[in-house]
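Here is how the chains run, residue by residue.
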Amino acid sequence: MSNWTERLKEVCDSISQRNVATILRQPDGFPSPTVINQVLNDSYPSDRGRARLQSLVNKHLANDEWVEVFRQEKVSRANAAEQVTPQWIQVLRAECDGTSQSKVATALRQRDGFPSPTVINQVLNDSYPSERGRDRLQMLIAGRYMGVKVCCPVQGDIGLDECADWQSQPFTTANPVRVEMFRACRKCPHRREEQ
């Protein structure tokens, strides 16, 4: 690796390829994070593009001025996120980091198929549109991973996730317990807002 590519790699490791692309971005959109990645992996096909990127790196990344701005922003965003992120989302994030979003979704899955890995991903990225869905997911996480229990008028002490599962079941006369649970759930103080 030449000096400028070593510097590029060092800065990318520090603040991410996307942020480096933002610092170096020209009016025509060059370079993209993909270009930076290809250059670092020595797979970028254009010598002219490499020379252009070298010029930008030497001009804008010679000192740590821009890099420090992004480092400080990254730290302040992380601190702010930690302070305002609800505990149940922190627990969800930790579980997903320990396994995967798909495995967590499978572990939490209710009889109606909620939640999907997509729901988990959207909640973690704060882009899930349904407040009721978020409330339901919060109940599942609180019961499954945080050990929150409620006193069910029919079942006794049950996890909040099991409570949410009972609430999501449709009425059926096939089983007397399900009939009793359906009626009890409709009047229960732990009931979520109307489905």
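Here, the structure is the one placed above.
Residues numbered from 1 in each chain as written. Predicted model: local features only at pLDDT ≥ 70, side-chain atom pairs only at ≥ 80, totals over all residues. Heavy atoms only, no water.

Thoughts on the nonpolar core
Step number 1: Residues Leu 92, Leu 108, Ile 120, Val 123, Leu 137 and Ile 141 are the most contacted members of the largest nonpolar core, which totals 28 residues.
Step number 2: Look past the residues within four positions of Leu 137 in its chain and what remains in contact with it is Trp 88, Leu 92, Leu 108, Phe 114, Pro 115, Val 119, Ile 120 and Val 123.
Step number 3: Within the second largest apolar cluster, 19 residues are counted, among which are Ile 15, Leu 40, Leu 56 and Leu 61. (Core = buried A, V, L, I, M, F, W, Y, C linked by side-chain atoms within 4.5 Å. Buried < 20%, exposed > 50% of the residue type's maximum accessible area, 1.4 Å probe, protein only. Contact = heavy atoms within 4.5 Å.)

Regarding the pairing of strand S1 (residues 149-152)
Step number 1: What you see with S1 is a clean split: Val 150 and Cys 152 sit on the buried side and Lys 149 and Cys 151 on the side with no burial.
Step number 2: Examined bridge by bridge, S1 and strand S2 (residues 156-159) share 4 bridges and lie antiparallel to one another. Bridging from a neighbouring strand, Lys 149 pairs with Gly 159 of S2.
Step number 3: Hairpin connection, S1 to S2: the antiparallel pair is bridged by 3 residues. (Helix = DSSP H or I, 4+ residues; strand = E, 2+ residues; numbered from the N terminus. Pairing = 2+ DSSP bridges.)

A look at helix H6 (residues 87-98)
Step number 1: With 12 residues, H6 should reach 16 Å at 1.5 Å per residue; the first-to-last C-alpha distance of 16 Å fits that figure.
Step number 2: Within H6, burial applies to Trp 88, Ile 89, Val 91, Leu 92 and Cys 96. Each buried residue of H6 sits inside an arc of 155° when the element is viewed along its axis, so together they form one side. Opposite its buried face, H6 presents the exposed residues Gln 87, Asp 97 and Gly 98, each directed more than 90 degrees away.
Step number 3: As for H6, its buried residues are in contact with helix H7 (101-108), helix H8 (117-124) and helix H9 (131-144). (Expected span 1.5 Å × (residues − 1). Arc of directions from axis to C-beta.)

Considerations on the side chain of Asp 165
Step number 1: Along the chain, the position of Asp 165 falls in helix H10 (residues 160-168).
Step number 2: Among the polar contacts made by the side chain of Asp 165, one reaches the side chain of Arg 111 at a distance of 3.4 Å.
Step number 3: The contacts of Asp 165, once residues within four sequence positions are left out, are Gln 110 and Arg 111. (Polar contact = N/O pair within 3.5 Å; in protein donor to acceptor, adjacent residues only side chain to side chain.)

Structural notes on the packing of aromatic side chains
Step number 1: The full count for this structure, using the stated rule, is 1 aromatic pair.
Step number 2: Here the basic side chain of Arg 111 rests over the ring of Trp 166, its NZ or CZ set 5.7 Å away from the ring centre. (Phe/Tyr/Trp six-rings, centres within 6.5 Å; stacked < 30°, edge-to-face > 60°. Lys NZ or Arg CZ within 6 Å of the ring centre and 35° of its normal.)

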